[in-house]
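Read off the chains here:
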Amino acid sequence: MAAITAAMVKELRVKTDAPMMECKKALTEAAGDMAKAEEILRVKLGNKATKAAARIAAEGVVAVYLSDDRKLGAILEVNSETDFVAKNPEFKQMAADAVRIVAEQNPADIAALGACKIGETTLEEVRKALVGKIGENMTFRRFARVEAKGTLNSYIHGSKIGVIADVIGGTDELSHDVAMHIAASKPKALDETGVDPAQIESERRIAIEKAREAGKPEAMLERIADGTVKKFLKEVTLVNQPFVKDDKKSVGELVKAAGAQIAGYTLFIVGEGLEKRNDDFAAEVAAQMAAAQQK
């Protein structure tokens, strides 16, 4: 049997917010398999066991740029060490310039973005100069460039959440409402095809085990699991989520009634990774900043 270390227990507790002893029991039952242990806690404790998984620590802003015809857009996350600097006008201007450069110059990655020209200098030199002036490090973390299939609309909430929505057909009000809904409800995918099948299967297994522990008849377990998966997809897929302005209809129903279609969307939240990793985000930002200082 795999040795259950204090570090493993701590990692599971950070991910799930479950009591230490429950984490140790789950890891022991799972023979040290972290993902399986998290499933075990989900069965025992319900959704409370995942509430800490989204806790991340970083400051900064999300900036969005749309071309005048709204056929081209870009979204960018820029991190700082403190929220005070994230509110600095020069920091926000650097973010606005950088996201425009992403759209217009189409850099391949963060290094290429830093090498892009802005006036007579580069964006990396602008960043370094601002670091020297303010006395706090900052870094460009991630960006996306979007070429529309329909027409783009955007929504920014408090500079920490940014959305670009690509909607085919409909009105400007509709596409803006869709972007606002995405910022508020934070879907994980456009529809079921964008959800990892392994995650759906995990929800199914958890539902069956919880129902079995509750004493439900074996003949009912698959039907219960089907209902749980349907509820899960309603929560995490954009087209199935209840529309924030009118929860009697889904976003999909809203768009279909307008003769429109959602081609795609991009959602950035400050501090949230595109692919969440087990190490904490603060460490990732610190590593990026250290690397930037060495250049």
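First, a word on what this report is: a plain description of the structure on this page. (Residues numbered from 1 in each chain as written. Predicted model: local features only at pLDDT ≥ 70, side-chain atom pairs only at ≥ 80, totals over all residues. Heavy atoms only, no water.)

1. What to know about the overall build of the chain
In plain terms, the rule: Helix and strand assignments come from DSSP, with helices taken as H or I runs of at least 4 residues and strands as E runs of at least 2, each series counted from the N terminus. Categorising residues by exposure relies on relative accessible area from a 1.4 Å probe, with only protein chains included: less than 20% of the type maximum marks a residue as buried, more than 50% marks it as exposed, and the intermediate range marks it as partly exposed. Whether two residues touch is decided by their heavy atoms; if any such pair falls within 4.5 Å, the residues are in contact. For the accessible areas, the method is Shrake-Rupley and the probe is 1.4 Å, while residue cover comes only from the protein chains on display.
For the chain, the count of helices and strands is twelve helices and ten strands. Buried residues in the chain amount to 43% of all 295 residues. For the chain, the proportion of contacts with a sequence separation of at least 24, taken over those separated by at least 6, is 64%. Of the accessible surface of the chain, which amounts to about 15700 Å², a share of 52% is contributed by carbon and sulfur atoms.

2. So, the sheet that holds strand β7 (residues 161-168)
Selection rule: At least two DSSP bridges between two strands are required for those strands to pair. For helices, the axis comes from a line fit to the C-alpha atoms of the stretch in contact; other axes are also lines fit to C-alpha atoms, and the angle between any two N-to-C directions lies between 0 and 180 degrees.
Pairing is antiparallel across the open sheet formed by three strands, whose spatial order is β6-β7-β10. Of all the strands in the sheet, just β6 (151-157) and β10 (261-269) have a single pairing partner and so form its edges. For this sheet, the mean angle separating the axes of adjacent strands, direction not counted, is 15 degrees. Relative to β7, β6 is paired through seven bridges, and the arrangement is antiparallel. Residue pairing in the sheet places L152 in a bridge with D166 of β7. Across the sheet, helix α8 (residues 172-185) touches β6, β7 and β10, and the angle it forms with β6 is around 40 degrees.

3. A word on helix α9 (residues 197-213)
Formally: Between the first and last residue of a helix there are one fewer steps than residues, each counted as 1.5 Å, and that sum is the expected span. Here a polar contact is recorded for every N or O atom pair within 3.5 Å, except that within protein the pair must consist of a potential hydrogen donor and a potential acceptor, and residues adjacent in sequence are included only if both atoms are side-chain atoms.
Between the first and last C-alpha of α9 there are 24 Å, a value that for 17 residues agrees with the 24 Å anticipated at 1.5 Å per step. Every buried residue belonging to α9 is among I200, S202, E203, R204, I206, A207, I208 and A211, and all of these are buried. Structurally, the start of α9 carries an N-cap: the backbone nitrogen of A198 is 3.0 Å from a side-chain oxygen of D196.

4. Looking at the side chain of D166
Quick reminder of the rule: The positive count covers Lys and Arg only, the negative count covers Asp and Glu only, and His and the chain ends enter neither. Whenever Lys or Arg places a side-chain nitrogen within 4 Å of a carboxyl oxygen from Asp or Glu, that contact is recorded as a salt bridge.
Inspection of the secondary structure assignment puts D166 in strand β7. Despite its burial, D166 remains without a salt bridge, the nearest opposite charge being carried by K149 at 6.5 Å. Setting aside its immediate chain neighbours within four residues, D166 contacts E147, A148, K149, G150, T151, L152, Q261, I262, A263 and G264.

5. Some remarks on helix α1 (residues 6-16)
Keep this limit in mind: Relevant arc is that of directions from the helix axis to the C-beta atoms, nothing else.
Among the residues of α1, M8, V9, L12 and T16 are the ones counted as buried. Looking straight down α1, one finds that the buried residues subtend no more than 100 degrees of arc, so they occupy a single side. Residues of α1 that are exposed and point over 90 degrees away from its buried face: A6, A7, K10 and V14.

6. Things to note about the packing of helix α5 (residues 89-105) against helix α7 (residues 123-134)
Under the convention used in this document: Angular relationships are summarised with four words: roughly parallel below 35 degrees, roughly antiparallel beyond 145, roughly perpendicular across 65 to 115, and oblique for the angles in between.
The geometry of α5 relative to α7 is characterised by a closest axis approach of 11 Å and an angle of 170 degrees between their N-to-C directions. Judged on the interaxial angle alone, α7 and α5 are roughly antiparallel. Side by side, α5 and α7 meet where E90, F91, M94, A98 and I101 of the first sit next to L123, V126, R127, L130 and K133 of the second.

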